[in-house]
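Here's the letter readout for the chains.
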Amino acid sequence: GVLNIGITLFAPINYEDPETGDLIGFDTELAKAVCADLGIEANFIVISWDAKEIELNSKNIDCIWNGMCITPERKENMAVSDPYLYNTQAMVMKADQAEAILADVSGKVVVAEAGSTGEQKLQGTIEDDETVEVSAKEYFANSTYIAVDSMAKALMEVKAGTADIALVDSVCALGMVRPESDYADLVVDLSNNFGLQEYGIAFRKGSDMVEAVNAAIAELTEDGTVAEIAERYGLTDSLIK
């Protein structure tokens, strides 16, 4: 009767309301709606993203529902749902340094979340596909890469000046770097297209929940619920219809 959902905290996917402290976000609301449709309860557990597969296979969680980019390796190791959101990789830097950084990233310090698509793009462990215009591995070949434990931490490193560039999901960057946010002095750059990704939900291999969740999301898409949730979090254009 309970679905234990592994998450990390970043807007607009899964994050704490700054006023109430309640967990909100696109994935949070979508997961709750799907669980309600299936007659079960959603229980959210904050995990280390780098250890997500360990958490899943050890049965500490039942699924990973946290803006997870679908990759061939993840599809091989886990049972992954149909894609539901588009994503790309974004470069985030201080606004007053952006022009110089974009002119030459050699020698610059780049941070990304350990285990993230950004890290795997940087390290070349995700093979470039036909959507890639610029290889992140080649683009940052002469930069210094440092892993951090979350995308939010990557942005904080740039804000603090201990890193020059954060390579994070565009969904995260556009959701967190806003004029009214703590990151108002940062800027998001999407000009270097490191490839298009799609978000999916991961379960253990052999799980019968994938089919049930796919069907529930299809129903919630048909009745307009998914579109309503996406509109609340500024993700209408990112929906995979």
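The rules behind each value
- Just so you know, the residues in each chain are numbered from 1, in the order the chain's sequence is written.
- Reporting in this predicted model follows two pLDDT cut-offs: at least 70 for local features of residues, and 80 or more for side-chain atom pairs to be given and counted; totals over whole chains, interfaces and linings ignore these cut-offs and use all residues.
- Calculation of side-chain values draws on the structure's entire complement of heavy atoms; hydrogens and water are dropped beforehand.
- One speaks of a salt bridge when a side-chain nitrogen belonging to Lys or Arg is within 4 Å of a carboxyl oxygen belonging to Asp or Glu.
- Labels follow the DSSP assignment, with helices taken as runs of H or I lasting at least four residues and strands as runs of E lasting at least two, numbered in each case from the N terminus.
- Only protein chains enter the accessibility calculation, which uses a 1.4 Å probe; a residue is then buried when its area is under 20% of its type maximum, exposed when over 50%, and partly exposed in between.
- By definition, residues are in contact when any of their heavy atoms lie within 4.5 Å.
- Residues are called lining when one of their atoms sits within 4 Å of a cavity or pocket point, these points coming from a 1 Å grid over the protein atoms alone, where a cavity is a set in which a 1.4 Å probe fits but cannot get out and a pocket is an open set with protein on both sides within 12 Å along at least five of seven lines.
- Grid points are joined across faces, edges and corners, and a volume is the space filled by probe spheres set on the points.
- Three classes are used: nonpolar for Ala, Val, Leu, Ile, Met, Phe, Trp, Tyr, Cys and Pro, charged for Asp, Glu, Lys and Arg, and polar for all others, with Gly counted as polar.
- Between 30 and 60 degrees the pair is tilted, below 30 it is stacked and above 60 it is edge-to-face, where a pair is any two Phe, Tyr or Trp rings, Trp via its six-membered ring, whose centres lie within 6.5 Å.

1. What to know about the pattern of salt bridges
And step 1. Within this structure, the stated rule accounts for 4 salt bridges.
And step 2. Glu29 is the partner of Arg232 in a salt bridge, and the nearest nitrogen-oxygen pair spans 2.5 Å. Here Arg232, found in helix α10 (residues 225-232), pairs with Glu29, found in helix α1 (residues 26-38); they are 203 residues apart in sequence, far enough to count as distant.
And step 3. Of the residues examined, Glu29 reaches a relative accessible area of 22% and is grouped as partly exposed.
And step 4. As a salt-bridge pair, Asp62 and Arg204 come within 3.5 Å of each other at their nearest N and O atoms. With Asp62 in the loop between α2 (52-57) and β5 (63-69) and Arg204 in the loop between β13 (197-203) and α9 (209-222), this pair connects stretches of sequence that are 142 residues apart.

2. Quick word on the side chain of Lys94
And step 1. Locating Lys94 in the fold gives a position in strand β8 (residues 89-94).
And step 2. In this structure Lys94 touches Val158, Lys159, Gly161, Asp185, Leu186 and Val187, once residues within four positions along its chain are discounted.

3. Describing the layout of surface pockets
And step 1. Taken as a whole, the largest pocket spans an internal volume of roughly 410 Å³.
And step 2. Lining the largest pocket we find 17 residues, and of these Ala11, Tyr15, Pro18, Gly175 and Met176 sit closest to its centre.
And step 3. Every element with two or more residues in the lining of the largest pocket is listed here: β2 (15-16), α7 (151-160) and α8 (170-176).
And step 4. Broken down by class, the residue content of the lining of the largest pocket amounts to 11 nonpolar, 2 polar and 4 charged.

4. Quick notes on the packing of aromatic side chains
And step 1. Overall, the coordinates contain 6 aromatic pairs when judged by the stated rule.
And step 2. Between the aromatic rings of Tyr15 and Tyr233, the centroid separation amounts to 6.4 Å while the plane-to-plane angle is 85°, which identifies the pairing as edge-to-face. Highlighted residues: Tyr15 in strand β2 and Tyr233 in the segment after α10, separated in sequence by 218 residues.
And step 3. Classification of Tyr233 as buried rests on a relative accessible area of 11%.
And step 4. Pairing Tyr84 with Tyr199 gives two aromatic rings, centres 6.4 Å apart and planes at 55°, and the pair type is tilted. With Tyr84 in the loop between β6 (79-80) and β7 (85-87) and Tyr199 in strand β13, this residue pair connects regions lying 115 residues apart in the sequence. Side by side, Tyr84 and Tyr199 carry an identical accessibility label, which is buried.

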